[in-house]
Amino acid sequence: MSRPLADRKIVLGVTGSIAAFKAPSIVTRLVAMGADVVVVMTENATRFVTPLTFETLTGTEVIVDMWSEGKEGVSSPEEALARDDHLQHVHLAEAADLALVAPATANVIGKMAGGIADDFLSTELMAMTCPVIVAPAMNVNMMESDAVGENVEKLKTRGVIVIEPEVGRLASGAVGRGRLADPDQIVEEVKRLLLPSQDLAGRRVVVTAGPTEEPLDPIRHIGNRSSGKMGYAVAERAARRGADVVLVSGRTSLEAPAGVRLVPVVTTEEMKDAVMAELPELDLLVMAAAPADYRPAEVADKKIKKSWDRLTIELVRTDDILMGVKEHRREGQGVVGFAVETEDLIANAKDKLAKKELDLIVANDPTVDGAAFESDTNVATIIGRSGFEESVGKVPKRELADLVLTRTIAELEWGGDGTE
Ligand SMILES: Cc1cc2nc3c(=O)[nH]c(=O)nc-3n(C[C@H](O)[C@H](O)[C@H](O)COP(=O)(O)O)c2cc1C
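Thresholds, definitions, all that
- Residues numbered from 1 in each chain as written.
- Predicted model: local features only at pLDDT ≥ 70, side-chain atom pairs only at ≥ 80, totals over all residues.
- Helix = DSSP H or I, 4+ residues; strand = E, 2+ residues; numbered from the N terminus.
- Rg over C-alpha atoms; globule rule 2.2 N^0.38 Å.
- Buried ≥ 20, exposed ≤ 12 C-beta atoms within 10 Å, placed from the backbone.
- Contact = placed C-beta atoms within 7 Å.
- Domains from an automatic or database assignment.
- Core = buried A, V, L, I, M, F, W, Y, C linked by C-beta atoms within 7 Å.
- Near = placed C-beta within 6 Å.
- Nonpolar A, V, L, I, M, F, W, Y, C, P; charged D, E, K, R; others polar.
- Pairing = 2+ DSSP bridges.
- Axes fitted to C-alpha atoms, helices over the stretch in contact; angles between N-to-C directions.
- Parallel < 35°, antiparallel > 145°, perpendicular 65-115°, else oblique.
- Left-handed = near helix turned anticlockwise from the far one by under 90°.

*Asks:* With reference to specific residues and values, describe the overall build of the protein chain.
*Replies:* From N to C terminus, the protein chain includes 14 helices and 19 strands. The C-alpha atoms of the protein chain give 24 Å as radius of gyration, which agrees with the globular expectation for 420 residues (22 Å, within 12%). Taking all 420 residues of the protein chain together, 41% fall into the buried category. Taking the intrachain contacts of the protein chain between residues at least 6 apart in sequence as the baseline, contacts between residues at least 24 apart amount to 64%.

So, in structure tokens, the structure goes:
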């Protein structure tokens, strides 16, 4: 039997809805596809279904209580449950590939929207950095209320995927919108997120990420605040979509995504050399790094002493990597750039797109709320060579990465099977 979700770690949140009785059938389907499922229940959910039901189906302890003697872990939910500590919610959130709340009560949706973390599930959801799916189920008047409507919208703008409830006969006997979506539809959505299409199969994608560092002396360097998160997200998503990925990265604190070949570099020159070495074989280059534009004209071979009140350092231009790429790239190779600007963002981005003959540019201003270098989210405008322009509100960097890849594939008119 095929197990397409083997090794995928899913946290299923079950809340106090009458539809909780359908959650075991969701678990059964996910487990049958090989997923590691950890069920987290609210206290109220246990009034509808017993934890024993889920423990039997998953073979894993169900978590309800924030304060029970936890069992911790880091690399998998099982481990997260097997070790003894009180930071279980953090470890489980780190280990999860996906969180699904089904059924989701009006209450838990409100807590997620409002940033309330007063039990294990709501705390866990706040700590999640993986994709989150919410499947609401409730009485039609609750579902149609302004409070729930606004909260659902809030979650959507934060990147939470909401599976709309069905219209049908509800537990109260009323007919209306509020019935939990069909378990098959919920499982399909899980599969869609965890098993993205292989539209980059057969493609070689090179991604640059992080800052470069230009040495001043053996101790110091000139650097910038790039965290590398955006580039690492692009590399991860490209690999998930079947590409053979090389990640040319400046120094960051991030781990290379699974299946990606990491080429570590320090200076802009090293980054340029690494990109130029990969250029002949690549199909797509995504330049998400923040290489230094200037470097010290001279690098002192000994530590510069604190001997002067003022110290002037002469800087010279580094080589422009994209200009080098423009000169040497072949027909059919795609190039995507990122423009980080704090003024005239769109005009500057369009200028860079034209000058460097890019296929696509992603423009962002790191001073905007939700778009900072260190942030897990970004706010951007994607501009294509063909003239399209798309503003993307605050979304997780991983989601923006997927969108950039999708728009690039469209701009380059690539088929999903490695053909043009
Ligand atoms: C029989 C019964 C059925 C309920 N069904 C739902 C429901 O489908 N959706 C919902 O939002 N609340 C429902 N509630 C109300 C929730 O249980 C209540 O708001 C609770 O505080 C939710 O807690 P939780 O979100 O922590 O699980 C129901 C309550 C009862 C008594």
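*Asks:* Any details on the domain arrangement of the protein chain? Residues and values, ideally.
*Replies:* As assigned here, the protein chain comprises domain 1 (9-194) and domain 2 (204-411). Between the C-alpha centres of domain 1 and domain 2 there is a distance of 36 Å.

*Asks:* Break down the nonpolar core for me, with residues and values.
*Replies:* One finds Ile10, Leu12, Leu30, Val39, Ala102 and Ala135 to be the most contacted residues of the largest nonpolar core, which totals 56 residues. Examining the composition of this core, we find that six residues originate from one element, strand β3 (residues 98-104), more than from any other. Setting aside anything within four residues of it in sequence, one finds Leu30 in contact with Leu5, Ile10, Ala35, Val37, Val187 and Val190.

*Asks:* Can you lay out the site of the ligand for me, pointing to particular residues and giving the numbers?
*Replies:* Of all residues adjacent to the ligand, which total 15 residues, the nearest are Gly16, Ser17, Thr42, Thr105 and Met138. It is helix α5 (residues 106-114) that contributes the most residues to the shell around the ligand, three residues altogether. Split into classes, the residues belonging to the shell around the ligand amount to eight nonpolar, seven polar and no charged.

*Asks:* How would you summarise the sheet that holds strand β2 (residues 36-41) if you had to cite specific residues and measurements?
*Replies:* The five strands lie next to each other as β2-β1-β3-β4-β5, forming an open sheet whose pairing is parallel. This sheet does not close on itself; its edge strands, each paired only once, are β2 and β5 (161-162). As paired strands, strand β4 (residues 132-136) and β5 are joined by two bridges and run parallel to one another. Pairing of Val134 across the sheet is with Val162, part of β5. Lying over the sheet, helix α1 (residues 23-32) contacts β1 (9-14), β2 and β3, oriented at roughly 175 degrees with respect to β1.

*Asks:* Summarise the packing of helix α10 (residues 229-240) against helix α14 (residues 397-411); cite the residues concerned and give the values.
*Replies:* Each pair of packed helices gets described by two things: the angle between the helix axes and the distance between those axes. At a minimum axis distance of 8 Å, the contact between α10 and α14 shows a crossing angle of 60 degrees. Classed by the angle they form, the pair α10 and α14 counts as oblique. The two elements α10 and α14 meet at a crossing, and its hand is right-handed. Of the residues in α14, those touching α10 at Lys229, Met230, Ala233, Val234, Arg237 and Ala238 are Lys397, Arg398, Ala401, Asp402, Val404 and Leu405.

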